[in-house]
Amino acid sequence: MASVDTDRQQLTALLEQYRGGFESLDVAKLQALWDREYPQLLYVAQERARAIRGWVGISQYYDALRTHLERGSRMSLEDLTLDVMGEVAFAFFTYRFEGERADGAGTFTNDGRVSFVFHRKAGEWRAIHYHESAPGPR
């Protein structure tokens, strides 16, 4: 069994993969976060009225990023909370994304809050749930 410190390091690396994947709009890096076989995958994007369910929908969501964004220039994560509970872990953080719109309309920025749920599968942590929301009033 891995130590909590090792688990936290692995999960922190996954969150860095998420951050870097959005910053560079690297779809493969973002898709690699997920347990594609988990039957109840859920992705709640703040710009969508309905949750995306299952691997096919999540994969299509990431594939469509470049239809809306030309490039990412900066993605920062702050206020991180990370907890490991045996074979399940969760992370909460706030983010700020900055990039350029694909339609040439200029800069796109987005602030939000994220909760991720991960589970350990074959010794590796993989995402199974993602929920993002607007930051609310300051």
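Whatever comes next refers back to the structure up there.
What this report covers is the structure whose coordinates are included nearby. (Residues numbered from 1 in each chain as written. Predicted model: local features only at pLDDT ≥ 70, side-chain atom pairs only at ≥ 80, totals over all residues. Heavy atoms only, no water.)

1. Description of the layout of surface pockets
The gaps of empty space that remain are located by a probe, the size of a water molecule, rolled over the atoms.
And step 1. Taken as a whole, the largest pocket spans an internal volume of roughly 400 Å³.
And step 2. Along the walls of the largest pocket sit 18 residues, with Glu47, Tyr61, Leu65, Leu69 and Phe108 positioned nearest its centre.
And step 3. A total of three residues in the lining of the largest pocket trace back to one element, the largest contributor, which is strand S4 (residues 88-101).
And step 4. Residues belonging to the lining of the largest pocket are distributed by class as follows: 11 nonpolar, two polar and five charged.
And step 5. The space that makes up the second largest pocket amounts to roughly 200 Å³.
And step 6. Taken together, 13 residues line the second largest pocket, and the ones lying closest to its centre are Thr94, Tyr95, Asp111, Gly112 and Arg138.
And step 7. Counting residues per element, the ones that place at least two in the lining of the second largest pocket are strand S3 (69-85), S4 and strand S5 (107-121).
And step 8. For the lining of the second largest pocket, a count of residues per class yields three nonpolar, four polar and six charged. (1 Å grid on protein atoms, 1.4 Å probe; cavity = no way out; pocket = protein on both sides within 12 Å on 5 of 7 lines; lining within 4 Å. Points joined across faces, edges and corners; volume = space filled by probe spheres on them. Helix = DSSP H or I, 4+ residues; strand = E, 2+ residues; numbered from the N terminus. Nonpolar A, V, L, I, M, F, W, Y, C, P; charged D, E, K, R; others polar.)

2. Concerning the packing of aromatic side chains
And step 1. Applying the stated criterion across every chain, the model contains 16 aromatic pairs.
And step 2. The interplanar angle of 70° and the centroid separation of 4.9 Å between the aromatic rings of Phe116 and Tyr130 together place this pair among those described as edge-to-face. On the criterion of sequence distance, the pair formed by Phe116 in strand S5 and Tyr130 in strand S6 (residues 124-133) is long-range, its members being 14 residues apart.
And step 3. On the basis of relative accessible area, Phe116 is assigned to the buried category, the value being 1%.
And step 4. Taken together, the ring pairs in this structure connect Tyr18, Phe22, Trp34, Tyr43, Tyr61, Tyr62, Phe93, Phe97, Phe108, Phe116, Phe118 and Tyr130 into an aromatic cluster. (Phe/Tyr/Trp six-rings, centres within 6.5 Å; stacked < 30°, edge-to-face > 60°. Buried < 20%, exposed > 50% of the residue type's maximum accessible area, 1.4 Å probe, protein only.)

3. Here's the deal with helix H1 (residues 4-24)
And step 1. Across its 21 residues, H1 extends 30 Å between first and last C-alpha, which sits within 8% of the 30 Å expected from 1.5 Å per residue.
And step 2. Of all the residues in H1, the buried ones are Asp7, Leu11, Leu14, Leu15, Tyr18, Arg19, Gly20, Gly21 and Phe22.
And step 3. Looking one or two residues beyond H1, the residue adopting positive phi is Leu25, at roughly 50°. (Expected span 1.5 Å × (residues − 1).)

4. Describing unusual backbone geometry
And step 1. The phi dihedral of Leu25 falls on the positive side, at around 50°, and the residue is not glycine.
And step 2. Mapped onto the secondary structure, Leu25 falls in the loop between H1 and helix H2 (27-31).
And step 3. Looking at Leu25, the relative accessible area reads 2%, which means it is buried.
And step 4. If you check the backbone angles, Asp79 has positive phi at about 55° while not being a glycine.
And step 5. Looking at the element boundaries, Asp79 is found in strand S3.

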